[in-house]
Amino acid sequence: MSNRCASVSKILPFSCVDGPGSRLAIFLQGCNLNCKNCHNPYTIGLCDHCGDCVETCPHQALRLQDGRVRWDEKACQQCDTCLQTCTRQSSPMVQRYSVDSLLAQVKRNALFINGITVSGGEATLQLPFLYDFFTAIKSAPTLKHLTCLIDSNGELSTTGWEKIAPWMDGAMIDLKAWGSECHIALTGRDNQRIKQSIQWLAKHDKLSELRLLVIPQHSDHLQHIDELAQFITSLGDIPVRLNAFHHHGVCGDAQAWQSATKEDIETLATALAQRGVKQIIRPALYL
């Protein structure tokens, strides 16, 4: 049994968009990228309990107690006023869960799911928790059949992947841009470690899916299509999911960006296919 805890932003008992089949999806709080296009921008920062959000809550679901912001789930109407108030891109609704408490949720849903996906924010920032959580699942006779996936930005070091790899079934990695300059403009950081993570995971048969986000006038996949396709084909027969940028949940400059259309997706899909990329997954819908 483990008492190690994680900061959890949200739990979806049943999700069909966070990996194959029906999955229990856990979104951890905190991220080491600051993506302008993030659809979950309030999972990036960690609450410093400044209390600015307390007075703005129209439903009195927040209060300051012992120097910390406390959230009353029953009073909350999910209006997101607190999220819009926070200047740290955080949420006062984040809760602490122990491995054992999340394991209990997995056991309650085990008959109805195919696996667990831990996302974020960036899940690997809480690697010790992931290690204990996945180890507990794979060590339980009634749960070890469930697949354990990580939805990650790929910033984890090789040493980190080596530690968690024996207990996870795979990772889904986003490659936000090919060129370093474009990646820095979109996320605030370079992408060399992300490319290394993708290569390491593919080599060890742990890369479940590579994801490319299409943002008209901002992503650079087509400008570097030959290099990108060569990189992808060198990984083996890996599923490549093309995601279309939309405005749902974004804030700041990205609110004025153009949404990706089916034509934008097909242009990239065709270019990749012509260069030998075989498994291309298109969006199920466009917003």
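Residues numbered from 1 in each chain as written. Predicted model: local features only at pLDDT ≥ 70, side-chain atom pairs only at ≥ 80, totals over all residues. Heavy atoms only, no water.

Labelled according to an unreviewed UniProt entry, the chain appears under the name YjjW family glycine radical enzyme activase, originating from Hafnia alvei FB1. Here the chain is described in UniProt, under the heading Sequence similarities (unreviewed entry), as follows: "Belongs to the organic radical-activating enzymes family." In its Cofactor (unreviewed entry) section, the UniProt record describing the chain reads: "[4Fe-4S] cluster". (UniProt positions renumbered as here; feature names shortened; annotations may be inferred.)

> Just to check I follow, could you spell out the side chain of H221 for this structure?
Turning to its location among the elements, H221 is positioned in the loop between β9 (207–214) and α7 (225–234). Once residues within four sequence positions are removed from consideration, H221 is found in contact with L175, K176, A177, L212, L213, L228 and L268. (Helix = DSSP H or I, 4+ residues; strand = E, 2+ residues; numbered from the N terminus. Contact = heavy atoms within 4.5 Å.)

> Looking at this structure, I do not really get the environment of F134. What am I missing?
Structurally, F134 is set in helix α3 (residues 127–139). Of the residues examined, F134 reaches a relative accessible area of 0% and is grouped as buried. Along the primary structure F134 and G170 are separated by 36 residues, whereas in three dimensions their C-alpha atoms are 12 Å apart. In contact with F134, not counting residues within four places along its chain, are V118, C148, L149, I150, I164, W167 and M168. (Buried < 20%, exposed > 50% of the residue type's maximum accessible area, 1.4 Å probe, protein only.)

> Could you clarify how one ought to interpret the domain arrangement of the chain in this entry?
Taken domain by domain, the chain holds domain 1 (5–42 + 95–281) and domain 2 (48–93). In this complex, domain 1 contributes six residues to the contact, which on the side of domain 2 involves eight residues. Counting each side, the surface lost to burial between domain 1 and domain 2 is near 620 Å², with a carbon and sulfur contribution of 45%. Of all residues in domain 1, the largest losses of buried area upon contact with domain 2 belong to P41, Y42 and Q95, amounting jointly to 72% of the total for that side. When the residues that make up the side of domain 1 that touches domain 2 are grouped by side-chain class, the tally is three nonpolar, three polar and no charged. (Domains from an automatic or database assignment. Buried area = accessible area lost by both parts, 1.4 Å probe. Nonpolar A, V, L, I, M, F, W, Y, C, P; charged D, E, K, R; others polar.)

> Even after reading the chapter, I still don't get a positive patch on the surface, so can you show me in this structure?
Positive charge collects at one region of the surface, where R63, R68, R70 and R96 lie side by side. By secondary structure assignment, the location of R70 is in strand β4 (residues 68–71). Judged by relative accessible area, which is 31%, R70 ranks as partly exposed. (Patch = residues over 30% accessible without salt bridge, like charges linked within 9 Å, V, L, I, M, F, W, Y side chains within 5 Å. Areas by Shrake-Rupley, 256 points an atom, 1.4 Å probe, with all protein chains shown as cover. Salt bridge = Lys/Arg side-chain N within 4 Å of Asp/Glu carboxyl O. Lys, Arg positive; Asp, Glu negative; His and termini not counted. Charge placed at Lys NZ, Arg CZ, Asp CG, Glu CD.)

> Help me understand the state of the cysteines in this model?
A disulfide bridge is the covalent bond that connects two cysteines by way of their sulfur atoms. By the definition in use, this model includes zero disulfides. Cysteine C16 is unpaired, with the sulfur of C148 as its nearest cysteine sulfur at 19 Å. Here C82 stays unpaired: no disulfide links it, and the sulfur of C53, its closest cysteine neighbor, is 5.9 Å away. Look at C82 and you get buried, because its relative accessible area is 10%. (Disulfide = S-S within 2.5 Å.)

> Explanation requested: the sheet that holds strand β7 (residues 147–152) in the structure shown.
Picture the strands of a sheet paired through backbone hydrogen bonds; they go either parallel or antiparallel. The nine strands are arranged β5-β1-β2-β6-β7-β8-β9-β10-β11 in an open sheet whose pairing can be described as mixed. Two strands in the sheet have a free side with no partner beyond their single neighbour: β5 (95–98) and β11 (280–281). Direction of pairing for β9 relative to strand β10 (residues 240–244): parallel, over a ladder of five bridges. Each bridged residue has a counterpart across the sheet, and for L210 the counterpart in β10 is V240. Strands in contact with helix α2 (residues 99–109) are β1 (5–15), β2 (23–28), β5 and β6 (115–119); relative to β5, the strand with the most contacts, it is inclined by about 80°. With respect to the sheet, α3 is in contact with β1, β2, β5, β6 and β7, its orientation differing from that of β7 by roughly 160°. (Pairing = 2+ DSSP bridges. Axes fitted to C-alpha atoms, helices over the stretch in contact; angles between N-to-C directions.)

> Please explain the UniProt feature "domain: Radical SAM core" (unreviewed entry) in the chain as it appears in this structure.
What UniProt calls "domain: Radical SAM core" (unreviewed entry) maps, in this numbering, to residues 17–284. Annotation note: span residues 17–284, helix share 29%, strand share 18%, distance between end C-alpha atoms 10 Å.

> Quick question: what am I supposed to make of the pairing of β4 here?
The two faces of a sheet get side chains in turn, since along a regular strand they alternate between them. With four bridges connecting them, strand β3 (residues 62–65) and β4 associate as antiparallel partners. Its bridge partner being in β4, R63 is matched across the sheet by R70. Once β3 ends, the chain turns through two residues before running back antiparallel as β4, passing D66 with a positive phi of about 55°.

> Just checking my understanding: could you explain unusual backbone geometry for this structure?
Across the chain, the bulk of peptide bonds are trans and the bulk of non-glycine residues have phi less than zero. In the segment running from G120 into G121, the intervening peptide bond is cis, with an omega of 15°. The topology assignment puts G121 in the loop between β6 and α3. The backbone of Q89 shows a phi angle near 55°, a positive value even though the residue is not glycine. Structurally, Q89 can be placed in the loop between α1 (81–85) and β5. The backbone of Q217 shows a phi angle near 70°, a positive value even though the residue is not glycine. Following the sequence through the fold, Q217 ends up in the loop between β9 and α7.

> Please clarify how the nonpolar core should be interpreted in this entry.
In summary, soluble globular proteins display a tendency toward joint burial of nonpolar side chains. Judged by nonpolar contacts, the single largest core of 64 residues is most densely connected at F133, F134, W161 and L272. At seven residues, α3 tops the list of elements feeding residues into this core. Residue contacts for F133: discarding those within four places in its chain leaves I26, V99, L102, L103, V106, I116 and V118. The next biggest cluster of nonpolar side chains, apart from the first, holds ten residues, and it includes C53, V54, V69 and M93. (Core = buried A, V, L, I, M, F, W, Y, C linked by side-chain atoms within 4.5 Å.)

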